[in-house]
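Listed below, chain by chain, are the residues.
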Amino acid sequence: MKRFLTFVLTLTMLFTLTAPAFADIMWEPDNNSFYNRHRNQCEYENRSYCANGKEGFVTAWDAPGGSLVIDQYENGEKLWVYYIYENWGLISRWDGGKEASGWISLSDLALVYDYISFEEEYGDRITPYNGEFADYDGDAETVNFYEYPGAPGINQSWDTGGEWHVLDNLTGTADSPSYISSIFIDENGLTWGFIVYMYGHMNSWFCLDEPDGTDFPVREVSTPQLTPAQSPTLPTRSYIPYILVAAVVIVTGGVLVYFYGRKRKSTD
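Description of the structure in this document. All values derive from a computational prediction rather than experimental measurement.

Focus: unusual backbone geometry
One non-glycine residue, Glu-86, lies in the positive phi region at around 55°. Note on placement: Glu-86 falls in the loop between strand E4 (78-85) and strand E5 (88-95). A relative accessible area of 63% means that Glu-86 is categorised as exposed. Look at His-165: it is not a glycine, yet its phi comes out positive at around 55°. A relative accessible area of 48% places His-165 in the partly exposed class.

Thoughts on the side chain of Ser-204
Here Ser-204 is to be found in strand E13 (residues 201-207). Polar contacts involving the side chain of Ser-204 include one to the main-chain carbonyl oxygen of Met-202, which spans 3.4 Å. Residues within four places of Ser-204 in sequence aside, it is in contact with Phe-145, Tyr-146, Asn-155, Gly-193, Phe-194 and Ile-195.

What to know about the environment of Leu-234
Tracing the backbone through its elements, the reader meets Leu-234 in the loop between E13 and helix H5 (240-267). Overall, the relative accessible area of 44% leaves Leu-234 in the partly exposed class.

So, the pairing of strand E1 (residues 43-51)
Where E1 and E4 come together, six bridges link them in antiparallel fashion. Looking across to E4, one finds that Tyr-49 is bridged to Leu-79. Where E1 lies against strand E7 (residues 109-111), three bridges are found, and the strand directions are antiparallel. For Cys-50, the partnering residue across the bridge sits in E7 and is Ala-110.

Considering helix H3 (residues 115-122)
Helical geometry: 3.6 residues make up each α-helical turn, so side chains three or four residues apart lie on a common side. By the burial criterion, the buried members of H3 are Tyr-115, Ser-117, Phe-118 and Tyr-122. Angular distribution of buried residues about the axis of H3 spans 155°; they occupy a single face of the element. Buried-residue contacts for H3 involve E1, E7, strand E8 (126-128), strand E11 (180-185), strand E12 (191-198) and E13.

A look at the pattern of salt bridges
According to the stated counting rule, one finds five salt bridges in the structure shown. Put simply, Glu-28 and Arg-39 hold a salt bridge, and the shortest N to O gap is 2.9 Å. Placement of Glu-28 in the loop between helix H1 (2-17) and helix H2 (33-37) and of Arg-39 in the loop between H2 and E1 is noted, with a sequence separation of 11 residues between them. With a shortest N-O distance of 2.8 Å, Asp-114 and Arg-47 are connected by a salt bridge. Of this pair, Asp-114 sits in the loop between E7 and H3 while Arg-47 sits in strand E1, and the two are 67 residues apart along the sequence. By relative accessible area, which is 7% here, Asp-114 ends up buried. One network of salt bridges, with partners in common, ties together Arg-125, Glu-187 and Arg-219.

Conventions used here
Residues numbered from 1 in each chain as written. Predicted model: local features only at pLDDT ≥ 70, side-chain atom pairs only at ≥ 80, totals over all residues. Heavy atoms only, no water. Helix = DSSP H or I, 4+ residues; strand = E, 2+ residues; numbered from the N terminus. Buried < 20%, exposed > 50% of the residue type's maximum accessible area, 1.4 Å probe, protein only. Polar contact = N/O pair within 3.5 Å; in protein donor to acceptor, adjacent residues only side chain to side chain. Contact = heavy atoms within 4.5 Å. Pairing = 2+ DSSP bridges. Arc of directions from axis to C-beta. Salt bridge = Lys/Arg side-chain N within 4 Å of Asp/Glu carboxyl O.

Quick look at the structure:
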């Protein structure tokens, strides 16, 4: 018994020490029974969509084609789709510390232009990184990361004087190569570098010529045409579980009354 406990404690310590290496493990929902039963048939998506239902809102169900409503969202609401099963997307929200995961038909969602969309559109102009940032000797106090070159807003800003030694990780050192994986030269001659993963920051671009830049020309990208938003109303099929419960109660009550009546007659 003592050897077993020692073994368990040793494993716990090892997992604790190696936790940062697993920081990018794919997220999975805690309380979605359909996902748990069909995990192997679900495709990892991890992309942002906008609600775009024909009625002006979308409904998240407990399962694809289910009857229990998890939540509803007006058109235009950004929703993160973690997994796809056939033509359904699994979204998740946290409210009051509780997770709520639901399935929405992909026909009621519009994909938000992101780094994958950019790669699909400009892949022929994206080339492997070849040390283009190795000789950077600027004094940028921050590095601003973007979803794609020319995105309208900053994804995240990192302080170059912080504990992560951002510039060293981007320029590269003798002991550690740069985290930049590929580059793109935009229409204005600016060079951008793509970071797949660096201390929890994944899949983002920054400008090699101006790492702290904030005023870049905004790139025109395809945007979905959204149906005007409307306040959600419960779909008809969402009442089915309640109708079934009511029917069971009524039938059960009727059966009890019937047998109780027969018992009284037999007693009389």
